[in-house]
Amino acid sequence: SADGGRNLSLDSIPMGLPMSDPTAWATAMNNLGMAPMGMTGQPLLPDFDPALGMMTGIPPINPMMPGLGIVPPPIPPDMPAVKEIIHCKSCTLFPPNPHLPPPATRERPPGCKTVFVGGLPENATEQIIMEVFEQCGEVIAIRKSKKNFCHIRFAEEFMVDKALYLSGYRIRLGSSTDKKDTGRLHVDFAQARDDLYEWECKQRMLAREERHRRRLEEERFRPPSPPPVVHYSDHECSIVAEKLKDDTKFSEAIQTLLTWIERGEVNRRTANNFYSMIQSANSHIRRLMNEKAAHEKEMEEAKEKFKLALSGILVQFEQIVAVYHSASKQKAWDHFTKAQRKNISVWCKQAEEIRNIHNDELMGIRREEEMEMSDEEIEDPPEMKETEESALVSQVEALKEENDSLRWQLDAYRNEVELLKQEQGKASRDEDTTKEQQMKLLQQALQGMQKHLLKVQDEYKKREAELEKVKEEKLKVETLLANLKEQESSTSRVCACSQEKECPAEKTLSNSPVKSEREVLLVGIISTFLHVHPFGASIEYICSYLQRLDSKICTAEVEVLMTRLQNTFRQELSGVGASLEKRWKFCGFDGLKMT
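Residues numbered from 1 in each chain as written. Predicted model: local features only at pLDDT ≥ 70, side-chain atom pairs only at ≥ 80, totals over all residues. Heavy atoms only, no water.

S.K.: How would you sum up helix H15 (residues 517-532)? Please name residues and give values.
M.R.: Helical geometry: 3.6 residues make up each α-helical turn, so side chains three or four residues apart lie on a common side. For H15, which comprises 16 residues, the first-to-last C-alpha distance of 23 Å matches the rise-based estimate of 22 Å (1.5 Å per residue) to within 8%. Those residues of H15 that sit buried are Glu519, Leu522, Val523, Ile526, Ser527, Phe529 and Leu530. One side of H15 carries all its buried residues, which in axial view fall inside an arc of 165°. Opposite its buried face, H15 presents the exposed residues Glu517, Leu521, Thr528, His531 and Val532, each directed more than 90 degrees away. (Helix = DSSP H or I, 4+ residues; strand = E, 2+ residues; numbered from the N terminus. Expected span 1.5 Å × (residues − 1). Buried < 20%, exposed > 50% of the residue type's maximum accessible area, 1.4 Å probe, protein only. Arc of directions from axis to C-beta.)

Written as structure tokens, this is what we have:
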């Protein structure tokens, strides 16, 4: 366990240092999460539990945490750790002010085993540094600088957490008060290539172990590969043929036969052997059908048992519900208390709900049985006659294909009957009864197939008759359509001739510029108006006069009419600049001379 590993690692730490205050040393070690040990290696506190620190709120240091790259949880600010004075052989460590914030540290590098120690006294030597920090664990190397700092590399990662505990302590060499003999320690994580390399090697080793473990798990759960199939030979062929006749070894033999056929072992020399093996495989179809029939019979019997049991349960539910209903009547209901009445009503509701659920289930089973019976006994209702020729043709083709498939099945059954007859003569008397049963089953199947074939042939004849009727009706409709088209063409010709005879005057009018009697009236009124105005008038003025007579007259209609009659009306421009205006004048007298 983690606690055991911590105690083992601490036993190996040299603890032969004199301690003037054993209680202070025990408190400091307890704050580090270590069991306090004495000079002789005996525990100072015999009832010490490593999982529970003496100081409340200080979590013990787990030695496995640095290896996983997890920083231990921080100490809550409202519960500061009480640090004590630590006495060493050549120096004394004084704790920092507990009200000051904890010293800041950088982010922990992965696999960190090296710490940076700053604030060392100028007169500090490597021996003094070793004396202070070897209490945290085995020190591998110390690299001291001339500028009052050094780097210390420990053997394990958890020792770094113990060294960080000393950050903020004031160190004094001996009893001197000289500045060169005092300093304030600052311990922080240091990034070293050796630590990173060892951590990467450890991670790679863990990854290899994980891959190996996963591979073992996959191999354990992987299904075993099937045994290899032997190569074809006459001897192996005879063995497989015997296995095909045995029901227990059939699956193995049929797989071997399938592999040989897929490999291309069939040729002229081995064709007869393969045909006999395929024939043996075909004989197992009857066995499989018998097994299926037996299983179906067992399923039906189980359904019957379930139905009987369910009906018995429903009867008992009905009796229980009847008891509740009789208890709810006024004669007995008044003698129960309120709590008893409430319980009886709740029980009655629950029993009714369960009874209804079971009743629905039983009715569903009966409904399924009725549907199965209707599918087996009742023939499919005749389909509605389709008027489209394409639908009937597709149905007739489908019936033809079904008829052909049924004929092929009938031939196959006849061949099987002949084979059975041949095998029956060769078989012994013990197998006569089973052969007769198989013959009866095949004869019944043949009779059913023949009946079905007759039905299909009758339907095929009906479809053909319907198709012929539809074709005749289509021909009649086409002839009717042709007659109607001829009649329409003849009537259109007669109408055109009558219109030409009745409307010669309209044709003459359509050639003239004035197309209707209304336009003739408009021309007369406009001529009279312009004769009264010899200097001409604008189109708006003319239209305003005409709209007094008829409000439906529009300016565009009048202007188009006047532009068509160029010999009767003439348009002129009068005025200069902004006062330029188009005026229409009557020129009918001049136009009469020109025409």
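S.K.: How would you sum up the sheet that holds strand E2 (residues 91-94)? Please name residues and give values.
M.R.: Strands sit in the order E1-E2-E6-E7 across an open sheet of four strands; the sheet is antiparallel. Looking at the sheet topology across the chains shown, the edges are occupied by strand E1 (86-87) and strand E7 (182-184). The pairing of E1 with E2 spans two bridges and is antiparallel. Looking at E2, one finds that Ile86 is bridged to Leu93. Together, E2 and strand E6 (170-173) form the strand contacts of helix H4 (residues 126-133), whose direction differs from that of E2 by roughly 50°. (Pairing = 2+ DSSP bridges. Contact = heavy atoms within 4.5 Å. Axes fitted to C-alpha atoms, helices over the stretch in contact; angles between N-to-C directions.)

S.K.: An account of helix H16 (residues 539-549) is needed here, citing residue identities and associated values.
M.R.: What H16 keeps buried is the set Ile539, Ile542, Cys543 and Leu546. Buried residues of H16 fall within an arc of 95° about the axis and therefore sit on the same side. Residues of H16 that are exposed and point over 90 degrees away from its buried face: Glu540 and Arg548. In this fold, the buried residues of H16 make contact with H15, helix H17 (555-564) and strand E10 (581-586).

S.K.: Describe in detail a positive patch on the surface, supporting the description with residues and values.
M.R.: A surface patch of positive charge is lined by Arg204, Arg208, Arg211 and Arg215. Locating Arg204 in the fold gives a position in helix H6 (residues 193-221). (Patch = residues over 30% accessible without salt bridge, like charges linked within 9 Å, V, L, I, M, F, W, Y side chains within 5 Å. Areas by Shrake-Rupley, 256 points an atom, 1.4 Å probe, with all protein chains shown as cover. Salt bridge = Lys/Arg side-chain N within 4 Å of Asp/Glu carboxyl O. Lys, Arg positive; Asp, Glu negative; His and termini not counted. Charge placed at Lys NZ, Arg CZ, Asp CG, Glu CD.)

S.K.: Could you give me a rundown of the side chain of Thr270, with the residues and numbers involved?
M.R.: Counting through the fold element by element, Thr270 comes out in the loop between helix H8 (250-263) and helix H9 (271-327). Within polar-contact distance, the side chain of Thr270 engages the backbone oxygen of Glu265 at 3.0 Å. Here Asn267 takes part through its side chain, which lies 2.8 Å from a polar atom of the side chain of Thr270. Excluding residues within four positions of it along the chain, Thr270 makes contact with Tyr232 and Glu265. (Polar contact = N/O pair within 3.5 Å; in protein donor to acceptor, adjacent residues only side chain to side chain.)

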